[in-house]
Amino acid sequence: MDKYSILKKYFGYSDFREGQELLIDSILSGRDVLGIMPTGAGKSLCYQVPALLMHGITLIISPLISLMKDQVQALNQAGIHAAYINSSLSESQISKALRLAAAGQYKMIYAAPERLETYEFLQFALQAEISMVTVDEAHCISQWGQDFRPSYLKIVQFIRQLPGRPVLSAFTATATEKVKEDIVCVLELMEPQVLVTGFDRKNLYFAVESPRKKDDYVLSYIKEHREESGIIYCATRKNVNMLHELLVSEGIAAAKYHAGLSGNERKQNQEDFIYDKSPVMTATNAFGMGIDKSNVRYVIHYNMPQSIENYYQEAGRAGRDGERAECILLYSAQDVRINRFLLDNKEPNPEQTREEMDAVREMDEQRLRAMIYYCMTTECLRKYILRYFGERGPDRCENCINCAREYEETDVTQAAVKIIKGILEVRQRYGINVIAGMLAGENRAKLREYGVFDYEAYASLKELREPEIKMIISQMQTEGLLAATNDKYALLKVPSAANEVLRGERRVILKRPKEEPGKRSARSSSGNGMRKSDILNSKGLELFDRLRALRTEIAREESMPPYIIFSDKTLIDMCVRAPLSKSEMMKVTGVGENKYERYGERFLHAVFEYTGGVREKFYFGETEKFTETSKDYAAVPAKIKKSEFILTAAQAADFPYKEKYLVTEIAEKLNDLRDAQTVKKTSGAEIFRRMQAEKYADEQRQDGRWQKRISEKGLKAGLFLGMRMSRNGMEYEDIYYNKEAQKMIVDMFTSHVRTPVQ
């Protein structure tokens, strides 16, 4: 079997993406590789495909348990035998897994770096044929990286002990030039094939907002995106708890995650998010590095992160399926103070010398400053991020808030001259807060203590407010007209370039958005701003909803995350192709042989049931086939914005009551009654969320499966448990609703506004 056969058979793809084939061929030729590829670019295939073609075992070093579990689940679903070794397993389970691996049962073993030091694992490795060692999240090996893990330094020592040196491959999504050099050096890669495919994630929309009330902004945003899954990152546990409580009080199915919760709570909440029981996750940065959930449609940062590296990695958890997603950062001056406090109280690394700790602190300060500039810049946000990682981006990406906004330009050259002179007058001894306060003529105790009133520059810009002066200073820093020391004091310095301003040879122009602060800008209308699902017409979207419902049903039956069954991208392609036979289904992107054997017939049946076997076009445009590489969305007409699901009293009166219904059946009957042109559909999941919010019912994972429970209140309302049979012949318990319960649900979705008498 060759690499192309493996790609189609196990992973369901016909072609390799950019860079994948080069790295795969290099590994198969016995060469070390380093792949720096953005999230969603298919890094895992670069080592999984050669792992299946090589004789021995591939050992994948991975930093987080959740990441390993996701990868191994996906491989087993595709028909590939793989296992993971970490602290979530008992010693007997670990021993059994290693025995099976030694006997040739597994082609791939995922392990935490700490596991390499154990006696049992080393004995296994010394006797087994290790053909390749793959280091995932390789930036963790660099002390200059944002997720440095000392345990990663043990990898090289482990490899040196092996009887024969295996091929070494390393992968990461985010690495500055310094981190890239560290990876090659510390891992001792031998003449590696280095591939940097670029850091750009074209499907992500970036925005920085400064709303007066962040809570109101988040609440409004989530209500507008009720059918979508997202993550809200906060800097502190206190903010996570507060925001989670607010969302739940508004009837939003949200989970929370931070280090203050017990291990069981974190595990349960993470599973609720992955299985879409709680589509919204509020979390600190303790959450997410190992999350491979492909259908996250937005990531909101409630607070500014400490670095561009952290931000891009966390924001990159959105849109892993290649579909459009939004990354929004809510910025306030308070965020800077929080991050400075966190840096001041950062626990020292006992393995570092004092000089190394000072150097790391200096680097942390530089990172924080770059993050602050990102929040304040008026240039293209994508260009700013790419430049930070050493890559050249377009002047305008047309898919970020700064490219969408209209700006007015103001010449602030005279103010810039006074700022430079003021900094020089105080002998470059103060940071932005003191300088701005002094120039604005403020009378704070701190300014009195420093004696700034005696300087000629004091109140020289009293016509401006302090935030405006800070904005000009930040603009000058981004243009290289001012600099700051690389320590926590960030003292402002005047570089030689500032002389051009003093001599009148250079102007300083400040760009300000025309819109009101806090008002959300219009989204880009370019091709990059559209989701592939936008190509589906109304009937295509209806089929898409049905296929998603089937996917959820299978996921519940098999206790498997829905996106591991099939991604949204695969379901969209299924809607476009509308396959009616196995050969047609096998052409759908993401459908391999094993996936077809497990689920293909059920999805074919769903398509046939919806179409009646009649060929019909479920997408806009003239092309007969919609492919991954197609970028022509010009034919997609603007959609009518539909209102949230609601029935009129007259529509509700036609509901066909029966002795009992499942919640999915109730949703189907309700949707039949609505005005399909102007009203969105509801779903069984939405109805059940309401049942949970009103404390009628709940569901929890027990023994690896979802178990539904009815409260006393629910029993009185007419909910009852009953057995039903899945299509694969498995019997399980589900909730049924009698006529009284049906009436209650219909009433929930009925408008009770009376029409005035004419």
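Small disclaimer: the values here were computed from a predicted structure and weren't measured. (Residues numbered from 1 in each chain as written. Predicted model: local features only at pLDDT ≥ 70, side-chain atom pairs only at ≥ 80, totals over all residues. Heavy atoms only, no water.)

**Q** Hey, could you run me through the overall build of the chain in this one?
**A** Looking only at helices and strands, the chain has 31 helices and 22 strands in total. The globule rule puts the C-alpha radius of gyration for 758 residues at 27 Å, and the 29 Å found for the chain is close to it. Seen through its C-alpha atoms, the chain measures out along the principal axes to roughly 90 × 85 × 55 Å. In the chain, the proportion of contacts linking residues at least 24 apart, taken out of those at least 6 apart, comes to 72%. Entry remark: accessible area of the chain is about 34,700 Å², with carbon and sulfur atoms responsible for 48%. Side-chain charges of the chain comprise 110 positive and 107 negative groups, with the mean position of each set lying 2 Å from the other. (Helix = DSSP H or I, 4+ residues; strand = E, 2+ residues; numbered from the N terminus. Rg over C-alpha atoms; globule rule 2.2 N^0.38 Å. Contact = heavy atoms within 4.5 Å. Areas by Shrake-Rupley, 256 points an atom, 1.4 Å probe, with all protein chains shown as cover. Lys, Arg positive; Asp, Glu negative; His and termini not counted. Charge placed at Lys NZ, Arg CZ, Asp CG, Glu CD.)

**Q** Just to check I follow, could you spell out empty space enclosed by the protein for this structure?
**A** Scanning all chains against the criterion turns up 2 cavities of 30 Å³ or more. For the largest cavity, the calculated volume is near 90 Å³. As a volume, the second largest cavity reaches approximately 60 Å³. Around the second largest cavity sit Pro 38, Thr 39, Ala 173, Thr 174, Arg 201, Tyr 312, Gln 313 and Gly 316, which together line it. A class-by-class count of the residues in the lining of the second largest cavity yields 3 nonpolar, 4 polar and 1 charged. (1 Å grid on protein atoms, 1.4 Å probe; cavity = no way out; pocket = protein on both sides within 12 Å on 5 of 7 lines; lining within 4 Å. Points joined across faces, edges and corners; volume = space filled by probe spheres on them. Nonpolar A, V, L, I, M, F, W, Y, C, P; charged D, E, K, R; others polar.)

**Q** I would appreciate a short explanation of the sheet that holds strand S18 (residues 661–662) in the present structure.
**A** Backbone-to-backbone hydrogen bonds pair the strands of a sheet. The strands run either parallel or antiparallel. Taken in spatial order, the 3 strands line up as S18-S22-S21 in an open sheet, and their pairing is antiparallel. The sheet is open, and its two edges are formed by S18 and strand S21 (719–725), each paired on a single side. Of the pairings in the sheet, the one linking S21 to strand S22 (residues 731–737) comprises 7 bridges and is antiparallel in character. Opposite Leu 721, over in S22, you have Ile 735 as the bridge partner. (Pairing = 2+ DSSP bridges.)

**Q** Help me understand the sheet that holds strand S9 (residues 229–233), please; the structure alone is not making it clear to me.
**A** Across the sheet, which stays open at both edges, the 6 strands sit in the order S8-S13-S12-S9-S11-S10 with parallel pairing between neighbours. The strands lining the two open edges of the sheet, one partner per strand, are strand S8 (204–209) and strand S10 (254–257). Each strand of the sheet is rotated relative to its neighbour by a mean of 15°, with strand direction disregarded. (Axes fitted to C-alpha atoms, helices over the stretch in contact; angles between N-to-C directions.)

**Q** Can you help me understand the side chain of Asp 573 in this one?
**A** For Asp 573, the location among the structural elements is in helix H24 (residues 568–577). A distance of 3.0 Å separates the side chain of Asp 573 from the backbone nitrogen of Thr 589, its partner in a polar contact. (Polar contact = N/O pair within 3.5 Å; in protein donor to acceptor, adjacent residues only side chain to side chain.)

**Q** Explain the environment of Glu 699 here, please?
**A** Its location among the elements puts Glu 699 in strand S19 (residues 697–702). For Glu 699 and Asp 272, which are 427 residues apart along the polypeptide, the C-alpha to C-alpha distance reads 10.0 Å.

**Q** How should the nonpolar core be read in this particular structure?
**A** Nonpolar side chains in soluble globular proteins generally cluster together in the buried interior. In terms of nonpolar packing, the biggest core is built from 134 residues, with Leu 59, Leu 187, Phe 206 and Tyr 374 touching the most fellow members. Here this core takes 7 residues from helix H14 (residues 354–376), the largest share from any one element. Here Tyr 374 is in contact with Phe 206, Val 208, Ile 308, Tyr 311, Leu 329, Leu 381, Tyr 384 and Ile 385, once residues within four sequence places are set aside. By size, the runner-up hydrophobic cluster in this structure holds 34 residues, among which are Leu 543, Ile 564, Ile 565 and Phe 566. (Core = buried A, V, L, I, M, F, W, Y, C linked by side-chain atoms within 4.5 Å. Buried < 20%, exposed > 50% of the residue type's maximum accessible area, 1.4 Å probe, protein only.)

**Q** What is the right way to look at unusual backbone geometry in this model?
**A** What you tend to see is this: most non-glycine residues have negative phi, and most peptide bonds are trans. Of note, the phi angle at Glu 137 is positive, near 50°, even though the residue is not glycine. Within the fold, Glu 137 resides in the loop between strand S5 (130–135) and helix H7 (154–161). You will see that Glu 188, though not glycine, has its phi angle at about 55°, which is positive. Assignment of secondary structure puts Glu 188 in the loop between helix H8 (177–186) and strand S7 (193–196). A relative accessible area of 36% places Glu 188 in the partly exposed class.

**Q** Would you mind going over helix H10 (residues 237–249) with me for this structure?
**A** Residue pairs spaced three or four apart in an α-helix point in one direction, given the helix's 3.6 residues per turn. Helix length check: H10, at 13 residues, gives a terminal C-alpha distance of 18 Å against a target of 18 Å (1.5 Å per residue), a fit within 8%. Of the positions making up H10, those classed as buried are Asn 239, Val 240, Leu 243, His 244 and Leu 247. Along the axis of H10, the buried residues cluster in a sector spanning 125°; they form a single face. Opposite its buried face, H10 presents the exposed residues Lys 238, Glu 245 and Ser 249, each directed more than 90 degrees away. Positive phi appears at Gly 251, one or two residues downstream of H10, with a value of about 80°. (Expected span 1.5 Å × (residues − 1). Arc of directions from axis to C-beta.)

**Q** Hey, could you run me through the pattern of salt bridges in this one?
**A** Once their charged atoms are close, side chains differing in charge can pair, the charge on each being opposite to the other. Going through the model one piece at a time under the given rule, you end up with 43 salt bridges. Of the charged contacts, one joins Asp 200 and Arg 382 as a salt bridge, the two residues approaching to 2.7 Å between their closest N and O atoms. Here the residue Asp 200 occupies a position in the loop between S7 and S8, and Arg 382 occupies one in helix H15 (residues 381–388), the gap between them amounting to 182 residues. Like Arg 382, Asp 200 is buried. Across the pair Glu 686 and Arg 690 runs a salt bridge whose closest N-O atoms are separated by 3.5 Å. Of this pair, Glu 686 and Arg 690 both sit in helix H29 (residues 684–693), 4 residues apart, which is roughly one turn of that helix. Taking the relative accessible area as the measure of exposure, Arg 690 reaches 30% and is therefore partly exposed. Via salt bridges that share partners, Lys 3, Glu 21 and Asp 25 belong to a single interconnected network. (Salt bridge = Lys/Arg side-chain N within 4 Å of Asp/Glu carboxyl O.)

**Q** Would you take a moment to explain the pairing of S9 for this structure?
**A** Here is the key point about a regular strand: its side chains alternate between the two faces of the sheet. Among the 5 residues of S9, 5 are classified as buried, and the element is accordingly described as predominantly covered. A two-sided burial pattern is seen for S9, the buried positions comprising Ser 229, Ile 231 and Tyr 233 on one face and Gly 230 and Ile 232 on the other. With 5 bridges connecting them, S9 and strand S12 (residues 296–301) associate as parallel partners. Residue Tyr 233 lies in a different strand from S12, and its bridge partner there is His 301.

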